[in-house]
Amino acid sequence: GAVVSQHPSRVICKSGTSVKIECRSLDFQATTMFWYRQFPKQSLMLMATSNEGSKATYEQGVEKDKFLINHASLTLSTLTVTSAHPEDSSFYICSARELDRGDSPLHFGNGTRLTVT
Amino acid sequence: EDQVTQSPEALRLQEGESSSLNCSYTVSGLRGLFWYRQDPGKGPEFLFTLYSAGEEKEKERLKATLTKKESFLHITAPKPEDSATYLCAVQASGSARQLTFGSGTQLTVLP
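Residues numbered from 1 in each chain as written. Chains lettered and ligands numbered in written order. Predicted model: local features only at pLDDT ≥ 70, side-chain atom pairs only at ≥ 80, totals over all residues. Heavy atoms only, no water.

Novice: So what exactly am I meant to see when it comes to the overall build of chain B here?
Specialist: A count of helices and strands for chain B gives zero helices and eleven strands. Scanning chain B from its N terminus toward the C terminus, one meets helices and strands in the order β-β-β-β-β-β-β-β-β-β-β. Scaling as 2.2 N^0.38, a compact globule of 111 residues should have a C-alpha radius of gyration of about 13 Å, and chain B matches this with 13 Å. Summarising its shape, the C-alpha atoms of chain B cover approximately 45 × 30 × 20 Å along the three principal directions. Buried residues in chain B amount to 42% of all 111 residues. (Helix = DSSP H or I, 4+ residues; strand = E, 2+ residues; numbered from the N terminus. Rg over C-alpha atoms; globule rule 2.2 N^0.38 Å. Buried < 20%, exposed > 50% of the residue type's maximum accessible area, 1.4 Å probe, protein only.)

Have a look at this one:
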């Protein structure tokens, strides 16, 4: 089945620094990848849709200058949390569908636990 | 606005005690309903997709069903390894492939 790899799984950074999270589709190509954020005991909230070769689409309330998304190839999307603050601490998860299958299930990475001190 | 409500929030079962999880939804034209399992500290793992009312899917001890307003995830004779949070999500027609998730049901199966 489709596999999505996310790295790193955990990161601790100091307030004011930037953190980059990578999301790779290992055995399929994805023109679109999705970035979610999950708070403890809450559901997944879509942050942005990453589009290969074009700008990402951000959900309402998500600061695009703070959460920089780059989708440079059909197998890699990155999320950079810039000037991180403690309130950015959360569980970030990426997902993707196999190419050209609009109603096929999303496959998720294993998430990145970000802790900002 | 699409909405997904899951109940109960948490469920504790004894091993072998069958039960059902509920997912109620409102959506402007359902393209698909998805069930996922999420273990602590991990990303969701895909279980099922249901596309139309009356459809059923099975996998081991799990069976998902769909009506026009809700979906059930039936767990038959659960084992401790079935303990996880089960998430339901819907995709609306013309939604540009985005999913709306419920808040999940945290299932604990006691040995």
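Novice: Got a minute to help me understand the interface of chain B and chain A in this structure?
Specialist: When the parts come together, some accessible area is lost, and that loss is often what is quoted as the size of the interface. Taken residue by residue, the interface counts 20 residues in chain B and 21 residues in chain A. Carbon and sulfur atoms make up 52% of the area that chain B and chain A hide from each other, which totals about 1,700 Å². For the pair chain B and chain A, the number of links is zero salt bridges. Here chain B is connected to chain A by five residue pairs in polar contact (both at pLDDT 80 or more). Residue assignment for the side of chain B that touches chain A shows that the elements contributing at least two residues are strand S4 (30-38), strand S5 (45-50) and strand S9 (84-92) of chain B. Sort the elements by how many residues they give to the side of chain B that touches chain A and S4(B) lands first, with four residues. Of the residues contributing to the side of chain B that touches chain A, the split by class is nine nonpolar, eight polar and three charged. (Contact = heavy atoms within 4.5 Å. Buried area = accessible area lost by both parts, 1.4 Å probe. Salt bridge = Lys/Arg side-chain N within 4 Å of Asp/Glu carboxyl O. Polar contact = N/O pair within 3.5 Å; in protein donor to acceptor, adjacent residues only side chain to side chain. Nonpolar A, V, L, I, M, F, W, Y, C, P; charged D, E, K, R; others polar.)

Novice: It is not clear to me how the side chain of Thr105(B) should be interpreted in this structure. Could you clarify?
Specialist: Residue and element names in this part refer to chain B. Position of threonine 105 among the secondary structure elements: in strand S11 (residues 105-110). Residue threonine 105 is classed as buried on the basis of its relative accessible area, which comes to 0%. With residues near it in sequence (within four places) discarded, threonine 105 still touches Gln6, Ser7, Pro8, Glu9, Leu11, Leu21, Ala84, Thr85 and Tyr86.

Novice: I tried to follow the pattern of salt bridges on my own but got confused; where do I start?
Specialist: It is possible for side chains bearing opposite charge to pair when their charged atoms get close. The final tally for this structure, using the stated rule, is six salt bridges over all chains. The salt bridge involving Arg24(A) is made with Glu22(A); its shortest N-O contact spans 3.5 Å. Given the relative accessible area of 26%, Glu22(A) is considered partly exposed. Residues Lys57(B) and Glu55(B) are paired through a salt bridge, measuring 3.5 Å at the closest nitrogen-oxygen approach.

Novice: Just checking my understanding: could you explain the nonpolar core for this structure?
Specialist: It is characteristic of soluble globular proteins that their nonpolar side chains tend to be buried jointly. Core analysis: the biggest nonpolar cluster contains 24 residues, and Trp35(A), Leu79(A), Tyr92(A) and Leu114(A) have the highest contact counts within it. Counting residues per element, the ones that place at least two in this core are strand S2 (10-13), strand S3 (19-25), strand S4 (32-38), strand S5 (44-51), strand S7 (67-73), strand S8 (76-81), strand S9 (90-96) and strand S11 (112-116) of chain A. In this view, Leu114(A) contacts Val11(A), Cys13(A), Val19(A), Val81(A), Asp88(A), Ser89(A), Ser90(A) and Tyr92(A); residues no more than four positions away in its chain are not counted. Core analysis: the second largest hydrophobic core is formed by 22 residues, Cys23(B), Leu50(B), Tyr86(B) and Cys88(B) among them. (Core = buried A, V, L, I, M, F, W, Y, C linked by side-chain atoms within 4.5 Å.)

Novice: I tried to follow unusual backbone geometry on my own but got confused; where do I start?
Specialist: Negative phi characterises most residues that are not glycine, and trans characterises most peptide bonds. Of note, the bond from His7(A) into Pro8(A) is cis; its omega dihedral lies within 30 degrees of zero at 0 degrees. With an omega of -10 degrees, the peptide bond between Ser7(B) and Pro8(B) qualifies as cis. Take Pro8(B): it is sitting in the loop between strand S1 (3-7) and strand S2 (10-14). With a phi close to 45 degrees, Ser83(A) is a non-glycine residue in the positive phi region. For Ser83(A), the position within the fold is in the loop between S8 and S9. For Ala77(B), which is not glycine, the phi torsion reads 45 degrees and is therefore positive. Relative to the elements of secondary structure, Ala77(B) occurs in the loop between strand S8 (70-75) and S9.

Novice: Just to check I follow, could you spell out the environment of Ile69(A) for this structure?
Specialist: Residues and elements named next belong to chain A. Among the structural elements, isoleucine 69 can be located in strand S7. Expressed as a C-alpha distance, the spacing of isoleucine 69 and tryptophan 35, which sit 34 residues apart in the sequence, is 9.1 Å. The residues contacting isoleucine 69, other than those within four sequence positions of it, are Trp35, Ala48, Ser50, Ala56, Tyr58, Ser77, Thr78 and Leu79.

Novice: Just checking my understanding: could you explain the packing of aromatic side chains for this structure?
Specialist: Two aromatic rings, taken as a pair, are described by how far apart their centres are and by the angle between their planes. Under the defined criterion, the tally for this structure stands at seven aromatic pairs over all chains. When the centroid spacing of 5.3 Å and the interplanar angle of 90 degrees are considered together, the rings of Phe108(A) and Tyr36(B) count as edge-to-face. Highlighted residues: Phe108(A) in strand S10 (residues 107-108) and Tyr36(B) in strand S4, drawn from two different chains. A single burial state applies to Phe108(A) and to Tyr36(B), both of which are buried. On the numbers, 5.9 Å between centres and 70 degrees between planes, the contact of Phe108(A) with Phe101(B) is edge-to-face. With Phe108(A) in strand S10 and Phe101(B) in strand S10 (residues 100-101), this residue pair bridges two chains. Of the residues examined, Phe108(A) reaches a relative accessible area of 9% and is grouped as buried. Members of the aromatic cluster, each reached through a chain of ring pairs, are Tyr36(A), Phe108(A), Tyr36(B), Phe46(B) and Phe101(B). (Phe/Tyr/Trp six-rings, centres within 6.5 Å; stacked < 30°, edge-to-face > 60°.)

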